[in-house]
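# Structural characterization, general
Chain by chain, the residues run as shown.
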Amino acid sequence: MDNISVVYATKTQHSKKLAEAIGKELGVEAINITKQAPSPKAAGLLFLVGGIYAGKCNPELISYAEKLNASITGKVVLVTSSASAAHRNQGELRQLLVGKGIEVVDEITCPGGFLFIKLGHPNKTEIRFVAEAAKEISKKSAASADGKDD
Ligand SMILES: Cc1cc2nc3c(=O)[nH]c(=O)nc-3n(C[C@H](O)[C@H](O)[C@H](O)COP(=O)(O)O)c2cc1C
């Protein structure tokens, strides 16, 4: 399980932008789970990208996570955008994955505008930051899989 997957669900296209930037950085296609409805495939490192709505995760991302299991999914990185800094974590998704014995190694977060709050975000700089953070995490994950970390 040494491959990387990037999947997303989106309501206002921010997660699409973030997932596509991560996919480009890591050389993999970002998959829209709503449009493409894929069955989860084996991945050593899986990026799950979504926003927060009325304080909750995207239900489509939750449904996808429900189909995952530890035998095909190695580690997960959550990538979350939201208008409020107080909502910048996908707690429900994390809890679900941990309950399945899937390790959540990191969560990359950034602002995502809604109505007049954080309008224009994520901006180019934030999208770049997220893609670079994803690259760093994937490097660390590959090094630890090879036993090169200290
Ligand atoms: C219907 C709706 C409800 C939202 N509710 C919240 C919220 O409760 N807290 C928050 O911080 N952001 C909220 N947001 C902002 C989104 O989390 C943010 O815009 C995110 O980047 C959306 O990602 P997406 O474009 O991939 O759907 C909401 C956005 C929408 C469209």
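Thresholds, definitions, all that
Residues numbered from 1 in each chain as written. Predicted model: local features only at pLDDT ≥ 70, side-chain atom pairs only at ≥ 80, totals over all residues. Heavy atoms only, no water. Axes fitted to C-alpha atoms, helices over the stretch in contact; angles between N-to-C directions. Helix = DSSP H or I, 4+ residues; strand = E, 2+ residues; numbered from the N terminus. Parallel < 35°, antiparallel > 145°, perpendicular 65-115°, else oblique. Contact = heavy atoms within 4.5 Å. Nonpolar A, V, L, I, M, F, W, Y, C, P; charged D, E, K, R; others polar. 1 Å grid on protein atoms, 1.4 Å probe; cavity = no way out; pocket = protein on both sides within 12 Å on 5 of 7 lines; lining within 4 Å. Points joined across faces, edges and corners; volume = space filled by probe spheres on them. Expected span 1.5 Å × (residues − 1). Buried < 20%, exposed > 50% of the residue type's maximum accessible area, 1.4 Å probe, protein only. Near = heavy atom within 4 Å. Polar contact = N/O pair within 3.5 Å; in protein donor to acceptor, adjacent residues only side chain to side chain. Areas by Shrake-Rupley, 256 points an atom, 1.4 Å probe, with all protein chains shown as cover. Sits in = over half its atoms within 2 Å of the grid points. Pairing = 2+ DSSP bridges. Right-handed = clockwise from strand over helix to strand, strands pointing away.

### Things to note about the packing of helix α3 (residues 59–66) against helix α4 (residues 91–99)
Remark: α3 packs on α4, axes separated minimally by 10 Å, with the N-to-C direction vectors making an angle of 5°. With respect to α4, the axis of α3 lies roughly parallel. On the side of α3, the interface is formed by L61, I62, A65 and E66, while α4 contributes E92, L93, L96 and L97. Of the residues belonging to the contact of α3 with α4, the class tally is 6 nonpolar, no polar and 2 charged.

### As for the layout of surface pockets
Approximately 330 Å³ is the volume found for the largest pocket. Around the largest pocket, the lining is made up of 19 residues, and of these I52, Y53, A83, G112 and F114 lie nearest the centre. Elements that contribute at least two residues to the lining of the largest pocket include exactly α1 (14–26), β3 (43–53) and β5 (73–82). The greatest single-element share of the lining of the largest pocket, amounting to 3 residues, is contributed by β3.

### Thoughts on α1
An ideal rise of 1.5 Å per residue puts 18 Å on 13 residues; α1 measures up with 18 Å between its terminal C-alpha atoms. Every buried residue of α1 is accounted for by H14, S15, L18, A19, A21, I22, G23 and L26. For α1, the secondary structure elements touched by its buried residues are β1 (4–8), β2 (30–32), β3, β5, β6 (103–111) and α5 (124–145). A positive phi of about 75° marks G27, the residue just after α1.

### Structural notes on the site of the ligand
The local shell around the ligand holds 19 residues, among which T12, S15, I52, Y53 and S81 are the closest. Contact distances for the ligand include 2.5 Å between an oxygen atom and a backbone N or O atom of I52. Separating an oxygen atom of the ligand from a side-chain N or O atom of Y53 is a distance of 2.4 Å. Bound to the protein, the ligand loses 86% of the 640 Å² it would expose on its own. When each cavity is represented as a set of grid points, the ligand is found to reside in the largest pocket. Broken down by secondary-structure element, the contributors of at least two residues to the shell around the ligand are α1, β3 and β5. If one sorts the elements of the shell around the ligand by residue count, β3 sits on top with 3 residues. When its residues are assigned to classes, the shell around the ligand shows 5 nonpolar, 13 polar and 1 charged.

### A few points about the pairing of β6
As paired elements, β5 and β6 share 8 bridges and run parallel to each other. Bridging from a neighbouring strand, L78 pairs with E107 of β6. For the segment spanning β5, α4 and β6, crossover handedness is right-handed.

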